[in-house]
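Observations on chain architecture
Here is what each chain is made of, one letter per residue.
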Amino acid sequence: MPVITTIDDLRRIYKRRVPKMFHDYVETGSWTGQTFRENCADFEKIYFRQRVAVDIDGRSTASKMIGQDVAMPVALAPVGMTGFQCADGEIKAARAAGRFGVPYTLSSMSICSIEDVAEHSPYPFWFQLYVMMDTEFVSRLLQRAKDAGCPALVVTLDLQLMGQRHMDLKNGLSVPPKLRLPLLMDLATRWRWGLGMLGTKRRFYGNIIGHAKGVENLTSLYGWTSKQFDKKLDWEKVKQLRREWGGKMILKGILDAADAKMALQVGADAIIVSNHGGRQLDGAISSIRALGPIMDAVGDRIEVHLDSGIRSGQDVLKALAMGASGTYIGRAYTYGLGAMGEAGVTTALEIIQKELDLTMALCGRKSIADVGPDILHIPKGFSGDWQ
Ligand code: FNR
């Protein structure tokens, strides 16, 4: 086993161990992949200010997200079909996150159901909702999440329809996967994955199959989402959801200051500045570029979180220094899960925490609360000087 010191090390092992169809589902963005690439590349355009001769003894990465204590302000983002990156993937990720002391967000499109995760992981988790046309189904989902003790609802607003990801169509991505020749050939070298999947009964969308009317066999994610996801979703409906849920609500997929102001008006507890990891509107700006104007518009009145492009603790620190009070990782932990299961998610979190702590120290800061824009060199016009 190679020595693992970076998220990229996990990504390389992940690529070897997970069938191409599911690897490609994670590793691509929509259309040309411009936003997917720039999410990461734009982090590299920001520099740290090195400070010296500062007492940096007794540091901590602990903080809070929506009032909840976290070991570091890095949550696991909702990732659909996690149970096909590794058998029982959602349960393993939830356990690793809980043990580490960071929130886990379960996707609506998970393989393990809400009840299953609640039963097999002792840690409370957040639930992510895709708003669907079947309002009775949505109400039941909310009730199921409440019954499972989920302390927060993350409502994703940037996927009323799916951004086209070419590789999924070319690979014939389906749940469960069809046993065609390319997958069978893949399994010859990825036997560990295959054995895991043979050993579990969790191979369907656990929150949907048997719960949504008329959906007994859901193989085509594209076909189903195009029929079921609510294209009429608007702020009035978000307000109704807010009332129906009653608890903490986080709105995910905000990239524009005007939408951030709307999120504030509907009474959200936090927003996630996100372009869905470059999987939806290709050609949209990176999340880290979008953060500045959104902080200016609402940062003093609502908690602002960020995801998309985070691959290191340094990226986390840059987002925090620019005003975010929380961040999420999607691919970074998925690599860990596909590479090494539950232990891989823990490794991903440990790598990120170590990088965050060390970088904070070399910038002369001891705690997350002390981190501000003065630890960065941000290029002029970074947040846009658009016409
Ligand atoms: C996602 N994302 C996502 N978001 C969501 O709200 N519900 C979901 O079911 C999914 N599914 C999903 C699958 C995969 C494979 C990926 C990579 C992403 C988006 C996710 O929550 C998050 O916004 C991004 O992953 C953040 O970008 P990074 O960290 O992957 O660069």
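Residues numbered from 1 in each chain as written. Predicted model: local features only at pLDDT ≥ 70, side-chain atom pairs only at ≥ 80, totals over all residues. Heavy atoms only, no water.

**A short note on the pairing of strand β11 (residues 326-329)**
Side-chain alternation along β11 places Gly 326 and Tyr 328 on one buried face and Thr 327 and Ile 329 on a second face that is also buried. Inspection of the sheet shows strand β4 (residues 74-76) paired to β11 by three bridges, in the parallel sense. Paired with Ala 75 across the two strands is Tyr 328, which belongs to β11. Sheet analysis places strand β10 (residues 303-306) next to β11, joined by two bridges and oriented parallel. Pairing of His 305 across the sheet is with Gly 326, part of β11. Note on the crossover from β10 through helix α14 (residues 313-321) to β11: the handedness is right-handed. (Buried < 20%, exposed > 50% of the residue type's maximum accessible area, 1.4 Å probe, protein only. Helix = DSSP H or I, 4+ residues; strand = E, 2+ residues; numbered from the N terminus. Pairing = 2+ DSSP bridges. Right-handed = clockwise from strand over helix to strand, strands pointing away.)

**Some points on the site of the ligand**
Of all residues adjacent to the ligand, which total 22 residues, the nearest are Pro 78, Ser 107, Thr 156, Asp 307 and Gly 309. At 3.3 Å from a nitrogen atom of the ligand is found a side-chain nitrogen or oxygen belonging to His 276. Within the backbone of Arg 331, a nitrogen or oxygen atom sits 2.9 Å from an oxygen atom of the ligand. With the chains in place, 99% of the 600 Å² that the ligand exposes on its own is no longer accessible. Only α2 (20-27) and β6 (126-130) provide two or more residues apiece to the shell around the ligand. (Near = heavy atom within 4 Å. Polar contact = N/O pair within 3.5 Å; in protein donor to acceptor, adjacent residues only side chain to side chain. Areas by Shrake-Rupley, 256 points an atom, 1.4 Å probe, with all protein chains shown as cover.)

**Comments concerning the sheet that holds strand β9 (residues 270-273)**
Strand order in the open sheet formed by eight strands is β4-β11-β10-β9-β8-β7-β6-β5, and the pairing between neighbours is parallel. Looking along the sheet, the strands with just one partner apiece sit at the ends: β4 and β5 (105-106). Note: β5 against β6, two bridges, orientation parallel. Note that in β6 the partner of Thr 105 across the bridge is Trp 126. Running at roughly 175 degrees to β10, helix α13 (residues 287-298) makes contact with β8 (248-254), β9 and β10 of the sheet. Helix α15 (residues 331-362) rests against β4 and β11 of the sheet, and its axis sits at about 155 degrees to β11. (Contact = heavy atoms within 4.5 Å. Axes fitted to C-alpha atoms, helices over the stretch in contact; angles between N-to-C directions.)

**Notes on the environment of Leu 153**
Looking at where Leu 153 falls in the secondary structure, it is placed in strand β7 (residues 152-156). When the C-alpha positions of Leu 153 and Ile 209 are compared, they lie 21 Å apart, and in sequence the two are 56 residues distant. Not counting the four nearest positions on each side in its chain, Leu 153 is found in contact with Phe 127, Leu 129, Leu 142, Trp 245, Lys 248, Met 249 and Ile 250.

**Comments concerning the environment of Tyr 335**
By the secondary structure assignment, Tyr 335 is in helix α15. By relative accessible area, Tyr 335 is classed as buried at 2%. Taking C-alpha positions, Tyr 335 is 8.9 Å from Val 26, a pair spaced 309 residues apart along the chain.

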